Amino acid sequence: IKYDYRVIGTHHLGFNADTAALHFGIINQGGAGVRDLELKSEEPAKVLIKVLGTDDVFPNINNFIIQPNKTIAVQFTAKVHPDTPIGNYSGKIRLVFKRV
């Protein structure tokens, strides 16, 4: 799953509601953006999440078991440090489902 965000100075707001990727939109230096991703499996599975591209994006849960036909919402946060250079950032989130 692709993700992206744009870092700008302060006092701006922006968002992207497109569901083709996790778009965090515009994030001010020192700010954060949050997006949810709903996961569902037809069989019991262990879920491992790996974020590639930056250390600034992370899930609220990882390495968990999902029960059959249950939906779990994973919240991803893009936390931008105050000294992060202005620019566009992107990467990928790898989801691994293993049968239990």
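In this text, all values refer to a predicted model and were calculated from it rather than measured experimentally.

About the cut-offs
Each chain carries its own residue numbering, running from 1 in the direction its sequence is written. Residue-level local features of this predicted model are given only where pLDDT is at least 70; pairs of side-chain atoms are given and counted only at 80 or more, and the full residue set underlies all totals for whole chains, interfaces and linings. Only hydrogens and water are removed before side-chain values are computed, so all heavy atoms of the structure are retained for them. Salt bridges are counted wherever a side-chain nitrogen of Lys or Arg sits within 4 Å of a carboxyl oxygen of Asp or Glu. Helix and strand definitions here come from DSSP, where helices need a minimum of 4 consecutive H or I residues and strands a minimum of 2 consecutive E residues; each element is numbered from the N-terminal end. Here's how the labels work: a residue is buried when its accessible area is under 20% of the maximum for its type, exposed when over 50%, partly exposed in between, all with a 1.4 Å probe on protein chains only. Patches here are clusters of residues that have more than 30% relative accessible area and form no salt bridge, with a 9 Å joining cutoff for like charges and a 5 Å cutoff for nonpolar side chains (Val, Leu, Ile, Met, Phe, Trp, Tyr). To be clear on the numbers: accessible area is Shrake-Rupley with a 1.4 Å probe, and residue cover counts the displayed protein chains and nothing else. Here Asp and Glu are counted as negative and Lys and Arg as positive; His is not counted, and neither are the chain ends. Charge positions come from single atoms, namely NZ of Lys, CZ of Arg, CG of Asp or CD of Glu. Here a residue-residue contact requires only that any non-hydrogen atoms of the pair lie within 4.5 Å.

Regarding the pattern of salt bridges
Now for step 1: Summed over all chains, the structure comprises one salt bridge.
Now for step 2: With a shortest N-O distance of 3.2 Å, R99 and E43 are connected by a salt bridge. You can see R99 sitting in strand 8 (residues 87-99) and its partner E43 sitting in the loop between strand 3 (32-40) and strand 4 (45-52), a full 56 residues away along the chain.
Now for step 3: Look at R99 and you get exposed, because its relative accessible area is 70%.
Now for step 4: The class for E43 is partly exposed, based on a relative accessible area of 37%.

Details of a positive patch on the surface
Now for step 1: The grouping of K2, K50, K92 and R94 at the surface amounts to a positive patch.
Now for step 2: By the secondary structure assignment, K2 is in strand 1 (residues 2-8).

Examining the environment of L37
Now for step 1: Along the chain, L37 falls in strand 3.
Now for step 2: You can call L37 buried: its relative accessible area is 17%.
Now for step 3: Linking L37 and A73, residues 36 residues apart in sequence, is a C-alpha distance of 5.6 Å.
Now for step 4: Apart from residues lying up to four places away in sequence, L37 is in contact with I1, I72, A73, V74, F76 and L95.

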